[in-house]
Amino acid sequence: MLCGAGVRFRVASRQPADQTFGFASSALSCPPVQLLSGYGARGTSTRARAAPPASPSSPSSGGLVAGEVINKVPTAVGMTPRLYGYILQHTREPEVLRQLRAETAGVHGAHMQITPEQGALLALLVELSGARRVVEVGTFTGYSSLAMALALPAEGRLVALDIDEQPVQMARKYWQLAGVGERVEARIGPALASLQQLLEQEGPGSYDMAFIDADKRSYDAYYEMLLQLVRPGGLIAIDNTLFFGRVVEPQADDKAGIALRDLNAKLLRDERVSVSMVPIGDGMTLCRRR
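Our subject in this report is the structure included herewith. Note that the structure is a prediction, hence the values are computed from the model and not measured. (Residues numbered from 1 in each chain as written. Predicted model: local features only at pLDDT ≥ 70, side-chain atom pairs only at ≥ 80, totals over all residues. Heavy atoms only, no water.)

### Let's talk about the pairing of strand 6 (residues 184-188)
As defined by bridge partners, strand 5 (residues 157-162) adjoins strand 6 across five bridges and the pair is classed as parallel. Note that in strand 6 the partner of Val159 across the bridge is Glu185. In the classification by handedness, the crossover that spans strand 5, the intervening helix 5 (residues 165-177) and the parallel strand 6 is right-handed. (Pairing = 2+ DSSP bridges. Helix = DSSP H or I, 4+ residues; strand = E, 2+ residues; numbered from the N terminus. Right-handed = clockwise from strand over helix to strand, strands pointing away.)

Here is the structure:
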């Protein structure tokens, strides 16, 4: 990418596995670029030109937002298997988590497990927030709960909610292997009922952090319950907010995609929280209760 009378960059829909996406360091001195056209139907190139800052545009349902100033093409636009492999190589993953991930690979629904870099982020968020009490909505085989429990202080507590006992049996095994079994309490049953019980038993603002990764159509209801259960200044992390890209233009019968699209729109406007959508894993939105 060169500075001059015109600036051009290309975003391809498919790239070779060994091709990384980026620009030369000389691009740092270039002025911002303004998008002229979004993605084509088959991933045609995107052209840009040097331009002064423009007023933000409202989100659109297709391609990049016309008129937006693009100072740097984000890595997420051009992620390749090789670059993602580099991320994995530079992600700290305790051996017990690696073993759990390997065993989960043979379980039906293994794709529901969060990624290693998401686990590392959740653990870091536990440490940064000083969380001592965490609630998780959707446990599956236990990767996310284990990642967070390992980051909790010795007196910390994590309540793991799931509707299905079978995968939680594997979670229990790994909580014990990791030496955090006493920190984690599993509650089996409908999550909304379990959240209501926690609210009645322990009161509003009794938790420092929450993680949502369960039935997508119920995300909004979980979020509203957790806004009561998590203290002011506490954190709610929500997984799958990009939902394999289906939030962009969900089909009429895609109830989960529509629910997540609507939740994302709600979070953008919700003044009760500070919010950041992070393009990690399948999308994770972080909400700090104000």
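Having seen it, we continue.
### Examining the nonpolar core
Leu122, Leu146, Met148, Trp175, Met209 and Met284 are the most contacted members of the largest nonpolar core, which totals 34 residues. Sorting the residues of this core by element identifies helix 2 (95-104), helix 3 (116-129), helix 4 (143-151), strand 5, helix 5, strand 7 (207-212), strand 8 (230-239) and strand 10 (284-289) as the ones contributing at least two each. A per-element tally of this core places helix 4 first, with six residues. Ile212, Phe243, Leu267 and Cys287 belong to the second largest nonpolar core, which has 29 residues in total. (Core = buried A, V, L, I, M, F, W, Y, C linked by side-chain atoms within 4.5 Å. Buried < 20%, exposed > 50% of the residue type's maximum accessible area, 1.4 Å probe, protein only.)

### Focus on the packing of helix 6 (residues 191-202) against helix 7 (residues 219-229)
Where helix 6 meets helix 7, the closest approach of the two axes is 10 Å, and the angle between their N-to-C directions is 10 degrees. Classified by the angle their axes make, helix 6 and helix 7 are roughly parallel. Contacts between helix 6 and helix 7 pair Ala191, Leu192, Leu195, Gln196, Leu198 and Leu199 from the former with Ala221, Tyr222, Met225, Leu226, Gln228 and Leu229 from the latter. Of the residues contributing to the contact of helix 6 with helix 7, the split by class is ten nonpolar, two polar and no charged. (Axes fitted to C-alpha atoms, helices over the stretch in contact; angles between N-to-C directions. Parallel < 35°, antiparallel > 145°, perpendicular 65-115°, else oblique. Contact = heavy atoms within 4.5 Å. Nonpolar A, V, L, I, M, F, W, Y, C, P; charged D, E, K, R; others polar.)

### Brief notes about the side chain of Asp162
Tracing the chain through its elements places Asp162 in strand 5. Buried within the structure, Asp162 lacks any salt-bridge partner; its nearest side chain of opposite charge belongs to Arg172, at an N-O separation of 9.7 Å. At 2.9 Å, the side chain of Asp162 and the backbone nitrogen of Asp164 are in polar contact. Setting aside its immediate chain neighbours within four residues, Asp162 contacts Gly138, Thr139, Phe140, Val168, Arg187, Ile188 and Gly189. (Lys, Arg positive; Asp, Glu negative; His and termini not counted. Salt bridge = Lys/Arg side-chain N within 4 Å of Asp/Glu carboxyl O. Polar contact = N/O pair within 3.5 Å; in protein donor to acceptor, adjacent residues only side chain to side chain.)

### Thoughts on the packing of aromatic side chains
For the structure shown, the criterion picks out one aromatic pair. Arranged with centres 5.6 Å apart and planes meeting at 50 degrees, the rings of Phe243 and Phe244 form a pair that is tilted. Take Phe243: its relative accessible area is 7%, and that puts it in the buried class. When the ring centre of Tyr207 is taken as reference, the NZ or CZ atom of Arg133 above it lies at 4.6 Å. (Phe/Tyr/Trp six-rings, centres within 6.5 Å; stacked < 30°, edge-to-face > 60°. Lys NZ or Arg CZ within 6 Å of the ring centre and 35° of its normal.)

### A word on the packing of helix 2 against helix 5
Between helix 2 and helix 5, the shortest axis-to-axis distance is 10 Å and the interhelical angle comes to 160 degrees. By the angle class used here, helix 2 and helix 5 are roughly antiparallel. Judged by the twist between their axes, the crossing of helix 2 over helix 5 is right-handed. Contacts between helix 2 and helix 5 involve Val96, Gln99, Leu100, Glu103 and Thr104 on the former and, on the latter, Met170, Lys173, Tyr174 and Leu177. (Left-handed = near helix turned anticlockwise from the far one by under 90°.)

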